[in-house]
Amino acid sequence: MDMTQTPIQRLILKLSPPVMLALLIQSVYNIVDSFFIAQYSNEGLTALSIVYPVQLLMTALATGTGAGVNLLISRMDGQGETEKQPGVVTCGLVLALTHYVLFAVLEFFLATPYFRLSSTNEIVNTQGVIYTNIVFAGSLGIFIESICTKILQAMGNMTLPMAAQVMGAVINIILDPILIFGLFGAPCLGITGAAIATVMGQWLAMIITFIAVRRIYPQYGQWNKSTCLQIYQDGSGSIVTQSLYTLYIVGLNMILALFSEDAVTVLGIYYKIQSFFFIPLLGLQQVLLPVISHNFGAGQEQRIRQTVKFAAILSTGLMLAASLVFLLFPRALLAIFSSKNELLQIGEYAFRVISLSFIPAGITIVVTSHLQGIAKIRPSVFLIVLRQVILLVPLAWVLHFAGLKAVWWTFPLTELIVATLCIIFEKSKICQIEIK
């Protein structure tokens, strides 16, 4: 679809469903992964909760770099500089390979100390290290797939990345029970089986998207340092967002561990389920970036404003629906993973309080996407750092002196403060569009 001519509402509603479906399948297999592990052992579920933020850190660099490639290609497309795009593709793939090597080496040395810092349960630590070793050793799949997916999305192709991610997720879901419990004559591998299933799903998605990209760009472009730096600059907002997301979960886990391991597990379960309900918003965000960036490159100021306005209205409605589910049915959501009474009591209160943060979180995501799309990286990063460094963990630390229930109020308080500032930014010169 033509990103400079198609009516904004039609454009967003046409491009969003494939992305949302892909995210839906990914979220389902994350939940299924945890569900089967929970049936295998409670220690395994806790191990997955502890390793989750580390996986997010890896994903942050993969998808954030992909977002930088996406924005750069979209902007070049809008400016009519398509001859430069093969160089961007080459640089993106080189960076993906570099990131894979970096994470594989770091994991080898840091996995065991990280788990010992996070838990005193030796079974949890052992299972967590096993899972981490396999997932990180096979993480080339997610790094390459993230770059290729963002390249295809920048060209307006949302369907093929969706199909690739769906197929990868389906393979993961099918292999999980077979390898975890040893069905159909397969060995009973437990958490090792879950890790192998995850890696195989990621590699399938990588192969599909890589072949598609090579068909569009059969010749590699020239690698150069300046293009790599531009990719990092354009993707810095996404990289910082998700990296700090990882760090603040680690911080919250350490604070919650002061109360009980059940509280840590509740947070892990929350993020698994939350990802499912945030799918429409995250899908909208992935569409906003190329649409805004393309129109920014083409000098279409009015279309950018229409995009942001429509996205804000849409995100508010979506997050209101998600909030109502968490407010009304917290115990039913938690019961998917555990029937432990202490965990259910902690989680029921936590889910209701955290759900109050959903609507302001939606506003923040739309505004930061707007800023990234128009190359206003510094204010976007400022909002992200404010939310995830300056406010969230320090506020949780202060509130923990008032008890566990008070810690959960960290979420709505933080989101409300940042969303208020986002609205101020939108109405000020900070979000003024400077067409190049």
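Our subject is the structure listed above.
Heads up: these notes are all about the structure in this document. These numbers were taken from a predicted model, which means no experiment stands behind them.

## Focus: helix α6 (residues 159–181)
Line of reasoning, step 1. Here α6 is 23 residues long and its end C-alpha atoms lie 34 Å apart, about the 33 Å a rise of 1.5 Å per residue gives.
Line of reasoning, step 2. Leu175 marks where α6 bends most, by close to 35°; the proline Pro177 follows one to four residues later.
Line of reasoning, step 3. Positive backbone phi, at 75°, marks Gly182, one or two positions downstream of α6.

## Observations regarding the layout of surface pockets
Line of reasoning, step 1. Estimated volume of the largest pocket: approximately 370 Å³.
Line of reasoning, step 2. What lines the largest pocket is a set of 15 residues, among which Val54, Leu57, Leu106, Leu110 and Tyr114 lie closest to the centre.
Line of reasoning, step 3. Mapped by element, the contributors of at least two residues to the lining of the largest pocket are α2 (42–79), α3 (85–118), α4 (122–137) and α8 (225–256).
Line of reasoning, step 4. For the lining of the largest pocket, the residue count by class is 12 nonpolar, 2 polar and 1 charged.
Line of reasoning, step 5. Empty space within the second largest pocket amounts to approximately 300 Å³.
Line of reasoning, step 6. Elements supplying a minimum of two residues to the lining of the second largest pocket: α11 (301–328), α14 (358–373) and α17 (410–426).
Line of reasoning, step 7. Here the residues of the lining of the second largest pocket sort into 8 nonpolar, 3 polar and 4 charged.

## Describing a nonpolar patch on the surface
Line of reasoning, step 1. Together, Leu97, Val101, Leu102, Val105, Leu106, Phe108, Phe109 and Leu110 give the surface a local cluster of nonpolar side chains, amounting to about 810 Å² of exposed area.
Line of reasoning, step 2. Judged by relative accessible area, Leu110 falls into the partly exposed class, the value being 48%.

## Section: the pattern of salt bridges
Line of reasoning, step 1. A full pass over the atoms with the stated rule returns 5 salt bridges.
Line of reasoning, step 2. Two residues, Arg75 and Asp234, come together in a salt bridge whose shortest N-O distance is 2.6 Å. Linking Arg75 in helix α2 with Asp234 in helix α8, this pair joins segments that are 159 residues apart in sequence.
Line of reasoning, step 3. Residue Asp234 is classed as buried on the basis of its relative accessible area, which comes to 3%.
Line of reasoning, step 4. With a closest N to O distance of 3.0 Å, Lys340 and Asp262 form a salt bridge. Placement of Lys340 in the loop between α12 (330–334) and α13 (341–354) and of Asp262 in helix α9 (residues 261–277) is noted, with a sequence separation of 78 residues between them.
Line of reasoning, step 5. Taken together, the shared-partner salt bridges connect Arg331, Glu348 and Arg352 into one network.

## As for the nonpolar core
Line of reasoning, step 1. Judged by nonpolar contacts, the single largest core of 49 residues is most densely connected at Ile73, Tyr131, Phe143 and Ile151.
Line of reasoning, step 2. Those elements giving two or more residues to this core turn out to be α1 (8–40), α2, α3, α4, α5 (140–154), α7 (191–216) and α8.
Line of reasoning, step 3. Here this core takes 11 residues from α2, the largest share from any one element.
Line of reasoning, step 4. Sequence-distant contacts of Phe143, defined by excluding residues within four places in its chain, comprise Met58, Leu61, Ala62, Ala96, His99, Tyr100 and Phe103.
Line of reasoning, step 5. Listed in part, the 44 residues of the second largest apolar core include Tyr270, Tyr271, Phe277 and Ala361.

Calculation notes
- Residues numbered from 1 in each chain as written.
- Predicted model: local features only at pLDDT ≥ 70, side-chain atom pairs only at ≥ 80, totals over all residues.
- Heavy atoms only, no water.
- Helix = DSSP H or I, 4+ residues; strand = E, 2+ residues; numbered from the N terminus.
- Expected span 1.5 Å × (residues − 1).
- Bend = angle between axes of the 7 residues up to and from the residue.
- 1 Å grid on protein atoms, 1.4 Å probe; cavity = no way out; pocket = protein on both sides within 12 Å on 5 of 7 lines; lining within 4 Å.
- Points joined across faces, edges and corners; volume = space filled by probe spheres on them.
- Nonpolar A, V, L, I, M, F, W, Y, C, P; charged D, E, K, R; others polar.
- Patch = residues over 30% accessible without salt bridge, like charges linked within 9 Å, V, L, I, M, F, W, Y side chains within 5 Å.
- Areas by Shrake-Rupley, 256 points an atom, 1.4 Å probe, with all protein chains shown as cover.
- Salt bridge = Lys/Arg side-chain N within 4 Å of Asp/Glu carboxyl O.
- Buried < 20%, exposed > 50% of the residue type's maximum accessible area, 1.4 Å probe, protein only.
- Core = buried A, V, L, I, M, F, W, Y, C linked by side-chain atoms within 4.5 Å.
- Contact = heavy atoms within 4.5 Å.

Keep in mind these values describe shape, not function.
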